[in-house]
There are 2 protein chains.
Amino acid sequence: MNNKKERKGLVIVNTGNGKGKTTAAVGTLFRSYGHGFRICVIQFIKAEEVKTGEFLAAQSLGIEWHYCGDGFVFESETAQNSAEIAREGWRLAKEKISDQKYDLVILDEFTYPLKFGWLDISEVIDWLKDNKPSTMHLVITGRNALPELIDYADLVTEMKEIKHPYREQKIPAQIGTDF
Amino acid sequence: MNNKKERKGLVIVNTGNGKGKTTAAVGTLFRSYGHGFRICVIQFIKAEEVKTGEFLAAQSLGIEWHYCGDGFVFESETAQNSAEIAREGWRLAKEKISDQKYDLVILDEFTYPLKFGWLDISEVIDWLKDNKPSTMHLVITGRNALPELIDYADLVTEMKEIKHPYREQKIPAQIGTDF
C-alpha cells in the first residue's frame, strides 16, 4: 500500500448487544479490499460448517479466512474444548499479526475467549502492544468487551439493539442479512 | 436466488452517533454478495469525488452504485441544491426498489433528507409499504432516524460512540477504516 508511513493502524472494537458488530467488521474488510489491503480474518467461536455470505464472498475473492471455533458461544460442558480451540486461534492470530504481511486483521468474536478467561487479557494486550505493526488495522468484535480491551482500543462502538425482528415479530435469521 | 418464498425482506436501520452505520451496511452488502444477491446502493449526501474503498470494491465486482449527494451533510446555504439532489435520489430509489430486480437495496445516509424535511417522511413510508418487494432487504443508514422510520423498520441498531480516535487522540480519518 502507498502512504504506509502516514498511516496509523487503528485498533477497533465493535461491541454491544445489538446487530452489526461482525457486519461492520465485514464492511471494514470490504472497504479495505477496495484499497488493495492485504487482509486476514480469524473467526473465533463460529464453526466452519456455517457457510456465511461473508465467508463465501471472501473465498471467491481470495481473502484469507480462518475458523477457530466449535460453534458453541456460551460456557458449557464443551468449554474445555472451546477454550483449547480459542487458544489455538490466538496462536494463529499472533503468527498472522506479527509477520508484517497484513494491512488489516479481523479477530471476530474475540471478546468471548477473553471474557471467559480462556485467554489472559493482560497477556493478550501486552503482546499486541509489543507486536502489532503500527500501520496495521486490527478489528475485534463481540459482546462484553473487557475494560482493558476498551482502554487499549482507539475506536470503540457499542452496537445497541433498538428493535429486533425476532424479538418483536418472531422473524428468524435471514440469509444475506444475518449470515 | 433460491428460497425466495421463504425469505422475508427486512427493513434495517443503522443509526446513532457512532461509527459503523455505513460500515455495517457495506458488511450486509458483502454478505449478500456472497449469496449471489442482486444489489443496488444509493448514497445520499456523499459526493462522487470521494472514491471510498467500498465504492472501488463494488465497482471492481460490478455492483450497482449511485451517488446522489453534493458532499454537504448539514443544512446550509447549499440546502436548496442538496434538497433537489436528494429528491432526485429518492426518485431513483423508487425506480430501483419497485422494479423487482434487487434482493438488497441500500439507501446510505437516507435519514438526513428525511430529518431535514427535504422529503416527507409519511409519503416515503407509505410508498415503501405499498411498493417494497416482500423479499427485498432494505438498509437505511444515518444519524437521527425519525420515529416514523424506526416504527416502520424491522431491525434498528444504534451505533453508539464509546471511544473515538480523533476526539481522544486527534488521529484523522484513516484509509481502509474510515473511507
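The structure under discussion appears in the preceding block.
Model, not experiment: these values are computed from the prediction.

So, about the overall build of chain A. Looking only at helices and strands, chain A features seven helices and six strands. Written out in order from the N terminus, the α and β elements of chain A read β-α-β-α-β-α-β-α-α-β-α-β-α. Whereas a compact globule of 179 residues would reach a radius of gyration of roughly 16 Å, chain A reaches 16 Å, a difference of no more than 12%. Seen through its principal axes, chain A has C-alpha atoms that stretch 50 × 35 × 30 Å. In chain A, buried positions account for 59% of the 179 residues. When contacts within chain A are restricted to residue pairs at least 6 apart in sequence, those whose partners lie at least 24 apart make up 79%. Accessible surface computed for chain A: about 7600 Å², of which carbon and sulfur atoms make up 47%. Across chain A, 23 positive and 26 negative side-chain charges occur, with their mean positions spaced 5 Å apart.

Now for the pattern of salt bridges. Residues and elements named next belong to chain A. Across all of its chains, the model carries 18 salt bridges over all chains by this definition. For Glu64, the salt bridge identified is with Lys96, shortest N-O distance 2.8 Å. Of this pair, Glu64 sits in strand E3 (residues 64-68) while Lys96 sits in helix H3 (residues 79-98); the two residues are 32 residues apart in sequence, bridging distant segments of the chain. Owing to a relative accessible area of 22%, Glu64 belongs among the partly exposed residues under this scheme. Overlapping salt bridges bring together Glu84, Arg87, Glu88 and Arg91 as one network.

By secondary structure assignment, the location of Ser32 of chain B is in helix H1 (residues 21-34). With near-sequence residues (within four places) excluded, Ser32 of chain B lies in contact with Gly176 of chain A together with Phe37, Ile39 and Leu104 of chain B.

Definitions and limits used
Residues numbered from 1 in each chain as written. Chains lettered and ligands numbered in written order. Predicted model: local features only at pLDDT ≥ 70, side-chain atom pairs only at ≥ 80, totals over all residues. Heavy atoms only, no water. Helix = DSSP H or I, 4+ residues; strand = E, 2+ residues; numbered from the N terminus. Rg over C-alpha atoms; globule rule 2.2 N^0.38 Å. Buried < 20%, exposed > 50% of the residue type's maximum accessible area, 1.4 Å probe, protein only. Contact = heavy atoms within 4.5 Å. Areas by Shrake-Rupley, 256 points an atom, 1.4 Å probe, with all protein chains shown as cover. Lys, Arg positive; Asp, Glu negative; His and termini not counted. Charge placed at Lys NZ, Arg CZ, Asp CG, Glu CD. Salt bridge = Lys/Arg side-chain N within 4 Å of Asp/Glu carboxyl O.

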